[in-house]
Structures are given as structure tokens and as C-alpha cells.
Amino acid sequence: MTAFTRQAGRRHVGLVQALLFAFVLVAAGLTPTPGSEPLVAQSSENTRYAAIVVDAESGEVLFARRADNPRYPASITKVMTLYMTFEALSDGRIKLDDMITVSPRAASQPPSKLGLAAGQRISVDDAIRSLAVRSANDMAMALAEHVGGSEARFAAMSTLRAQELGMTQSRFVNPHGLPDSRQISSARDLAILSRAVMRDYPQYYHYFGQHHWVYNGRQYGNTNGLLHAGNGYDGIKTGFTNASGYNLAASAVRDGRRIITVVLGGRSSRSRNDHVAELMNTGFEVERRRASGESIQVAQTFFESRGYGVGSAPSGPVQYASVETSGSDSQPEPTTAVAFTSAPANTAGVTASPTFTAALNGAPSQQAALRPAREAAAPARQSGGWSVQVGAFRDRTVADNWLTEVNRRFRTQFTGAERAVQTAGEWYRSRFTGLTEDSARAACAALAERRVTCMVVRPD
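My aim in this report is to walk through the structure given alongside it, one point at a time. Within each chain, residues carry numbers counting from 1 in the order of the written sequence. Local features in this predicted model are restricted to residues whose pLDDT is 70 or higher, and side-chain atom pairs enter the listing and the counts only when it is 80 or higher, whereas totals over whole chains, interfaces and linings include all residues. Values reported for side chains reflect all heavy atoms of the structure, with hydrogen atoms and water molecules removed beforehand.

Looking at the overall build of the chain
Argument step 1. Along the backbone of the chain there are 12 helices and 14 strands.
Argument step 2. Residue burial is assigned from relative accessible area. The probe radius is 1.4 Å, only protein chains are included, and a residue is buried under 20% of its type maximum, exposed over 50%, and partly exposed in between. Scored against the burial criterion, the 460 residues of the chain give a buried share of 52%.
Argument step 3. Put simply, of all contacts in the chain between residues at least 6 apart along the chain, 68% involve residues at least 24 apart.
Argument step 4. Of the roughly 19400 Å² of accessible surface on the chain, a fraction of 50% belongs to carbon and sulfur atoms. Under the scheme used here, helices are H or I runs from DSSP no shorter than 4 residues and strands are E runs no shorter than 2 residues, and both carry numbers assigned from the N terminus. Note on contacts: a residue pair is in contact if any heavy atoms of the two residues lie within 4.5 Å. Values of accessible area rely on a 1.4 Å probe in the Shrake-Rupley scheme; residue burial ignores everything except the protein chains shown.

What about helix α7 (residues 187–200)?
Argument step 1. By this rule, a helix spans an expected 1.5 Å times one less than how many residues it contains. Over its 14 residues, α7 runs 20 Å from end to end, which matches the ideal 20 Å to within 8%, given 1.5 Å per residue.
Argument step 2. All buried positions along α7 are accounted for by Ala187, Asp189, Leu190, Ala191, Leu193, Ser194, Ala196, Val197 and Met198.
Argument step 3. Tucked inside the fold, the buried residues of α7 contact β1 (50–55), α2 (77–91), α6 (151–165), β7 (233–241), β8 (245–254) and β9 (257–266).

Remarks on the state of the cysteines
Argument step 1. Put simply, a disulfide is two cysteine sulfurs that come within 2.5 Å. Evaluated as defined, the whole model comprises 1 disulfide.
Argument step 2. The disulfide partner of Cys444 is Cys454, and the gap between their sulfur atoms is 2.1 Å. Every disulfide takes its handedness from the sign of the S-S torsion; for Cys444 and Cys454 that torsion is 100 degrees, giving right-handed. Highlighted residues: Cys444 in helix α12 (residues 437–449) and Cys454 in the loop between α12 and β14 (455–457), separated in sequence by 10 residues.

Concerning the packing of aromatic side chains
Argument step 1. Only rings of Phe, Tyr and Trp enter the pairing, Trp through its six-membered ring, and a pair is recorded when the two centres are within 6.5 Å. The plane angle decides the type: under 30 degrees is stacked, over 60 is edge-to-face, the rest tilted. With the rule as written, the count across this model stands at 12 aromatic pairs.
Argument step 2. Pairing Phe86 with Tyr207 gives two aromatic rings, centres 6.1 Å apart and planes at 20 degrees, and the pair type is stacked. Of the two residues, Phe86 is situated in helix α2 and Tyr207 in the loop between α7 and β5 (212–215); the sequence distance between them amounts to 121 residues.
Argument step 3. Overall, the relative accessible area of 0% leaves Phe86 in the buried class.
Argument step 4. On the accessibility criterion, Tyr207 (2% relative accessible area) is buried.

Describing the nonpolar core
Nonpolar side chains in soluble globular proteins tend to be buried together.
Argument step 1. As used here, the term nonpolar core means buried Ala, Val, Leu, Ile, Met, Phe, Trp, Tyr and Cys residues forming a set that is joined through side-chain atoms within 4.5 Å. Tyr83, Phe86, Leu114 and Val262 are the most contacted members of the largest nonpolar core, which has 62 residues in total.
Argument step 2. Beyond its immediate sequence surroundings of up to four residues, Val262 is in contact with Ala50, Ala51, Ile52, Ala187, Leu190, Ala191, Leu248 and Ala249.
Argument step 3. Core analysis: the second largest hydrophobic core is formed by 25 residues, Ala156, Val398, Ala399 and Ala417 among them.

Describing the pairing of strand β11 (residues 386–393)
Argument step 1. By the criterion of burial, β11 is predominantly enclosed, with 8 of the 8 residues buried.
Argument step 2. When β11 meets strand β13 (residues 427–435), the two strands line up antiparallel, connected through 6 bridges. Opposite Phe393, over in β13, you have Tyr428 as the bridge partner.
Argument step 3. The pairing of β11 with β14 spans 3 bridges and is antiparallel. The partner of Gln389 across the bridge, within β14, is Met455. For two strands to pair, DSSP has to find at least two bridges joining them.

Right, dumping it as C-alpha cells:
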């Protein structure tokens, strides 16, 4: 029996024992070092653990545990890469039979990979399959370059699209999920993405359900072991780095109902898969009982009665990304870094948009479709000392590209504004400057309505 299958009583005992043991460690000055393996059940005490169960049709959250805490998405990042690829296909910017020439940068990506050399060619269709089945990092880079022109521009496009989808905790800096302390998401955001990809591009969703794929005479098996178990599973994506633990975004259909389950931070692929299956089974049980007339108004309570979500208080922000060994889904390069979703706040003179603050506090998205409505005309602008900050990054190139991408999407809001990347210690702040107070607040409100992070900055 795995740690995930303990009943509520055993969970309680385990929690008491864990707290007593932790007290002894603290008293002895033997607190664990960052990146060390927690000693208790992952479903309640694993600090990397997060989970969410969602009804795909209604969007109802049936169960959530640390669903909004920042986590490393690892190779689930590739769902975002494929979303952007599907968008380009739908728009006619690329075609499935387009041939991609593998660049030296794409060829140099570490495993998991397809292993094509620089200069070799692959179709968009096969590149998509390599991501969905093989989780190929080299082909993720090749697709990103083909769709976005460069990795940095593709990352900026992905981040903006994620924010428009309502993924308020997510930022992308690469297309494959290899370790980078700046690349952050959450269980809720990954569930939003999973739901979006099947809702917005149902004609391409079948790629995630492939059990096997044959390329150049070699057969590759899908990294998602639940697909091979049947029981209605038809996607979506696994992920692993040492920092993230074993991640899985899964979807299954039973009795005409679809449920999405995301589990992050598992200790092994098997325990992760077992836990996803248990959460999925419980979700479908809730659906069946409701269909038979039983009143279950708060599904979270039903899950907790089965022992899920019972444990200590939610963990804090991700602080370390220590990666030294490779995993079955992706094999990362060693790195250790402190992770922030944005630069540490300089609260003097900065006010957050009320709409954006409401979104962070769980307000439902008001966006009815992926495509943004035409921006409302901005008020007449006069030169002023107010600014709008749209991001802060460790990399100057990323900051420049993000500023360019936001300006391209919100050109009306920033007519007459200056674009500036300002240095603050080790951070590069992407800002639109030279605005009046009214124009700065109006611009930030327009961005926040589309779930794009922004702050209004007062004159110095």
C-alpha cells in the first residue's frame, strides 16, 4: 500500500508522528537542508505536493490542495508549447506538413530528446508527436523557434497567452520545462491550461492520447503510464525534475463525464500515478452520486472524508531549484537557484490594479474566449512621470522581449509611452514610462482585465 492510499485515521497518526519528529529535529538544530527529501506522506507533508481535481465541462473544482502555491511545471510546460503550436496551426501561420530545420540550439538540448542533428529536418506533425509521446526537449525548442522565431520571443508569447487564459501564477522562459528558477506555475494554472487545450483545440487534442509513436523505424511509448491502463484516460502530460518531483496532468472520460486531475511533487512515478488514479476515482464517484440524486454540494468535503487534503498548513513559496540527477521524463542540467515569480516588490510608490488583485484572490475569469476583445480606446495622453511595470526578470533579453510583446498586444493602451528596461540590482524591470496618472491606471486596468500582470508606479 502506498503513502497515497492511507485512510484518514492513519494520516492523522502519521501527522502526529511527523510533528513530534520535526520538533526533535528543530530542538537538535538538525533541520533539513533545501532539496532534502521530506520524511512523511507526500499527500499531506511533502512540501512540493500540490493537487487539484476539476470537472472539465463546468470548471467546478472538486478538490484542491495547495493548488495556488508556486511550483515547477517541468515537462508539463510542453502542454503550453503545444497550445501555442495548435494556435499557430489554427491561424494558418504554420501547417502540419511544414518541415522544420533543426537549429544547433535545438539539437544541443539535453534529454529526453529525439536526437536529430543540427540541419536535419522534421515535420511539424512529427515534432508534435515527439513532445506528446517522447517529451522531446530538442523538438520542443525546434517548435518554439518555428512558431515564435526565437526561444525568448516564444516564451514571452506563451506567458502572455497563459495570463490571458487566467493562469495568474505562471511564467515561461523556455518551451520544454528544463530547470530554470524563473519558470513557475501552479496546479490550478496547469488545470486551466489542460482544460483550455481541449476546449480551444479539440481537433488536436488526440495527440495527447497516443500510446505509441513510430519514427524512423523506432517505436516510442508514451511517458504517461495511466494511458496504458485504460479506464478512460486519454491524456495529458507527465513531468519530472529533481526540483519539481514527479508531476502529472491527467484527463479521463467515464459515463460521458470528463475530469482533469493535476498532481505535482510526487516522490515517484508509481506513487504519483496511484494518487492521480485515486483522486480521479473519487471525483468520478462524486459525479455518479450526484447523478443518482445524492446531494453533495461541497465536493472538497467528500474528498476530505476519504482522507485527502488533511495535513499541515500550505507550504510557502518555492525557494530552491536543486537539480542534480535526471529523470524518466526529462533529464535536466544541474542547477541551483532561488526562484521568484517576479522581482521582490518595491512597495514605495507602487499600487496594484484592483482587477488584478481580485484575480489573484480567486475571482473568476471574465474572459469568455481565448481571443481578446478589441482594446478600448485609451484616454488622451499627456507626458507625465507615471509608469506601468509589466514584469521583472533576471535576464535582460527576456525583459526586452516581454516589453515588446506586451506593446504589440496593447499598442492602443501605450500610444505615446516610452518603453524602458530599468535595472534594479540583479533584476530588469519592463516598464512603459512617460504616462499621466489617468493613462497609467487605464492601461494597467486593460492589462489586468486580460490577466496580464502589471503595477502602476508613481513618479519618483
